[in-house]
Amino acid sequence: MICDRILMRFGLVIATMISVMAISMFDTRAFAGEWTKLDQGENWSENCNYSFRGKIERGDLVRIFDDQDWLDGYRHRVCLDSPGGALNEVLAFLKRVDALDRADGFVFATRVRSGQECLSSCAILFMFGQSYGANSPFPDRTMEPGARLGFHSPFVDGKKLSRVDAGQAFQVALEVSKLLVDRSYTSINVQGPALPPELVALVLATPANKMHYVNLIGEMQLLNIGMSKSPEAGVLFAYTQDNIVYLMKRICVSSYALTFRHALMRNGYAFGDLVAYTKRQMQDEQAISLQQLKTFPANDFYPERIVGLLDGPFHHPHWYSAGAVMYCRVELQYERDGQNIRISDYNADFGLLSEIERSVIPDRSDRYREFSAGLLPIDTVYK
């Protein structure tokens, strides 16, 4: 019954969204958005073979299904550059894609290039980008440095609201609700849900007259948005024990914040709460302590590594017992560059402190699906 009420309330919100963004059936204006075929070259995994630019109006998106090349292909990557527009057109497009997906394994990935933007309903479309791996689909939406991705809640336009049949709008709302629920609840793979539940909260929590730009590397990671160029790649760090321990502490705090985020937010999803948590813990010099630190030489499988065992303000959420205290295991793989090192890979791992011997660094466990973050602060702007 509670779920029914939630779905009904969400349906009403989406109904308003559909109503105010719908285009009249009597609108005879030319298409605002434009599709363009692009030369993808050999690098199909990154390059776009189609682009869509301009405001999204009725018919703009779905007319691509008149293109036989689009229908014949099963893997497309679309570059988006749009201020948004009619959300019901986005829904119509996604329904056509979904029908092809069930029949032929059809998918489309998305990308926003440097200097371009994807806002409002375009941002919703962007989040549905996916590709097929060896055995299953996975989220595939990528931003280049300097691209802009923005979300906001629906606005009310009284002039257009009266032109839409309320019953039809509500039916569309239920379809949108089901689509979002399916992608965030039932469409799960090794990378997690196709659409993170934080997406709906982010959209509805942003006032219609504002725009929430997703441009912090931690929030992009949380929303499973790919970065064409990792801001952490190639960064040099001083190779001193104090600096290594500091990096490990920041990785522990940041990874804990993203992994166990539901217990750290005050009132629904707010990435700012996670940023504040990490800063607060890092400012407390006594909050986190190093228990063990061990260096491993390079071998046939790994480069040089440093593994640390730390404890601090980590505990299993909502388990109010001494047995809930957790450790943080951090592993850094690195390459030397003079007196500095370049981190080629890193991960954080959490487990119950009561289950290990503190004098021995445990092997990595699979108890939790951790987000490994914090080599750079999670509020670092992606640019």
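Residues numbered from 1 in each chain as written. Predicted model: local features only at pLDDT ≥ 70, side-chain atom pairs only at ≥ 80, totals over all residues. Heavy atoms only, no water.

**Q** Hey, could you go over the overall build of the chain for me, with residue numbers and the actual values?
**A** From N to C terminus, the chain includes 10 helices and 18 strands. Relative to its full complement of 383 residues, the chain shows a buried share of 48%. Long-range contacts, defined as pairs at least 24 residues apart, comprise 72% of the intrachain contacts of the chain with a sequence gap of at least 6. For the chain, the exposed surface amounts to about 19400 Å²; the carbon and sulfur share of it is 52%. (Helix = DSSP H or I, 4+ residues; strand = E, 2+ residues; numbered from the N terminus. Buried < 20%, exposed > 50% of the residue type's maximum accessible area, 1.4 Å probe, protein only. Contact = heavy atoms within 4.5 Å. Areas by Shrake-Rupley, 256 points an atom, 1.4 Å probe, with all protein chains shown as cover.)

**Q** Summarise the pattern of salt bridges; cite the residues concerned and give the values.
**A** Any two side chains of opposite charge can pair, on the condition that their charged atoms come close. Across all of its chains, the model carries 15 salt bridges by this definition. One salt bridge connects Lys-37 with Asp-67, and the closest N-O pair in it is separated by 3.3 Å. Of this pair, Lys-37 sits in strand S1 (residues 34-37) while Asp-67 sits in the loop between strand S2 (50-53) and helix H2 (68-72); the two residues are 30 residues apart in sequence, bridging distant segments of the chain. Classification of Asp-67 as buried rests on a relative accessible area of 13%. (Salt bridge = Lys/Arg side-chain N within 4 Å of Asp/Glu carboxyl O.)

**Q** An account of the environment of Met-227 is needed here, citing residue identities and associated values.
**A** Summarising the element assignment, Met-227 is placed in strand S13 (residues 226-227). Along the backbone, Met-227 and Arg-141 are 86 residues apart, and their C-alpha atoms lie at a distance of 8.6 Å. Not counting chain neighbours up to four residues away, the residues in contact with Met-227 comprise Thr-142, Met-143, Ile-217, Met-220 and Tyr-382.

**Q** Hey, could you go over the pairing of strand S18 (residues 340-352) for me, with residue numbers and the actual values?
**A** Inspection of the sheet shows strand S14 (residues 236-238) paired to S18 by 3 bridges, in the antiparallel sense. Looking at S18, one finds that Phe-237 is bridged to Ile-341. Relative to S18, strand S17 (residues 325-337) runs antiparallel, the two sharing 12 bridges. Bridge assignment links Arg-336 to a residue of S18, and that residue is Ile-341. (Pairing = 2+ DSSP bridges.)

**Q** Requested: an account of the sheet that holds strand S5 (residues 117-119), with residues and values cited.
**A** Taken together, 3 strands build an open sheet; the order of strands is S5-S9-S12 and the sheet is mixed. The two strands at the open ends of the sheet, each matched to only one other strand, are S5 and strand S12 (212-213). Alignment of S5 against strand S9 (residues 148-151), held across 3 bridges, turns out to be parallel. Along S9, the bridge assignment pairs Glu-117 with Arg-148.

**Q** I'd like a rundown of the sheet that holds S1, residues and numbers included.
**A** One open sheet accounts for 6 strands, arranged S1-S2-S3-S4-S8-S13; its pairing is mixed. With one partner strand each, in any of the chains shown, S1 and S13 form the two edges of the open sheet. Summarising the sheet, strand S3 (residues 75-81) and strand S4 (residues 107-112) pair through 5 bridges and their orientation is parallel. Along S4, the bridge assignment pairs His-76 with Phe-108.

**Q** I'd like a description of unusual backbone geometry, backed by residues and values.
**A** For Ser-120, which is not glycine, the phi torsion reads 55° and is therefore positive. Note on placement: Ser-120 falls in the loop between S5 and helix H4 (121-127). Although it is not a glycine, His-318 sits at a positive phi angle of roughly 65°. Relative to the assigned elements, His-318 resides in the loop between strand S16 (304-315) and S17. The exposure class assigned to His-318 is exposed, which follows from its relative accessible area of 59%.

**Q** Provide a residue-level description of the layout of surface pockets, including the pertinent values.
**A** Of the volumes computed, that of the largest pocket is approximately 820 Å³. The dominant element in the lining of the largest pocket, judged by the number of residues it contributes, is helix H8 (residues 217-222), at 5 residues. Taken together, the residues that form the lining of the largest pocket break down as 19 nonpolar, 12 polar and 7 charged. (1 Å grid on protein atoms, 1.4 Å probe; cavity = no way out; pocket = protein on both sides within 12 Å on 5 of 7 lines; lining within 4 Å. Points joined across faces, edges and corners; volume = space filled by probe spheres on them. Nonpolar A, V, L, I, M, F, W, Y, C, P; charged D, E, K, R; others polar.)

**Q** I'd love a proper account of the confidence of the model for the chain, names of residues and values included.
**A** On average, residues of the chain score 84 in pLDDT, and 82% of them reach the 70 mark or higher. Confidence drops under pLDDT 50 across residues 1-30; counting only partners more than four residues distant or on other chains, this segment forms 55 contacts. (pLDDT = per-residue confidence, 0-100.)

**Q** Give a detailed account of the packing of helix H9 (residues 241-259) against helix H10 (residues 271-283), specifying residues and quantitative values.
**A** Relative to each other, H9 and H10 sit at 150°, their axes nearing to 9 Å. On the basis of the axis angle, H9 is roughly antiparallel to H10. The hand of the H9/H10 crossing is right-handed. Facing Tyr-246, Lys-249, Arg-250, Val-253, Ser-254, Tyr-256, Ala-257 and Leu-258 of H9, the residues of H10 in contact are Phe-271, Leu-274, Tyr-277, Thr-278, Gln-281 and Met-282. Along the lines of polarity and charge, the residues of the contact of H9 with H10 split into 9 nonpolar, 3 polar and 2 charged. (Axes fitted to C-alpha atoms, helices over the stretch in contact; angles between N-to-C directions. Parallel < 35°, antiparallel > 145°, perpendicular 65-115°, else oblique. Left-handed = near helix turned anticlockwise from the far one by under 90°.)

**Q** How would you explain the state of the cysteines if you had to name every residue and give the values?
**A** Here a disulfide denotes a covalent bond joining the sulfur atom of one cysteine to the sulfur atom of another. The tally for this structure, following the rule as stated, stands at 3 disulfides. The partner cysteine of Cys-48 in its disulfide is Cys-79, sulfur to sulfur 2.1 Å. Looking down the S-S bond of the Cys-48 and Cys-79 bridge, the torsion is 80°, so its handedness is right-handed. Of this pair, Cys-48 sits in the loop between S1 and S2 while Cys-79 sits in strand S3, and the two are 31 residues apart along the sequence. Comparing Cys-48 with Cys-79, the two get one shared label, buried. A sulfur-sulfur separation of 2.1 Å characterises the disulfide bridge that pairs Cys-252 with Cys-328. Across the S-S bond linking Cys-252 and Cys-328, the dihedral sits near -95°, which makes this disulfide left-handed. Of the two residues, Cys-252 is situated in helix H9 and Cys-328 in strand S17; the sequence distance between them amounts to 76 residues. Comparing Cys-252 with Cys-328, the two get one shared label, buried. With its disulfide-bonded cysteines labelled consecutively along the sequence, the chain is connected as 1-2, 3-4, 5-6. (Disulfide = S-S within 2.5 Å.)

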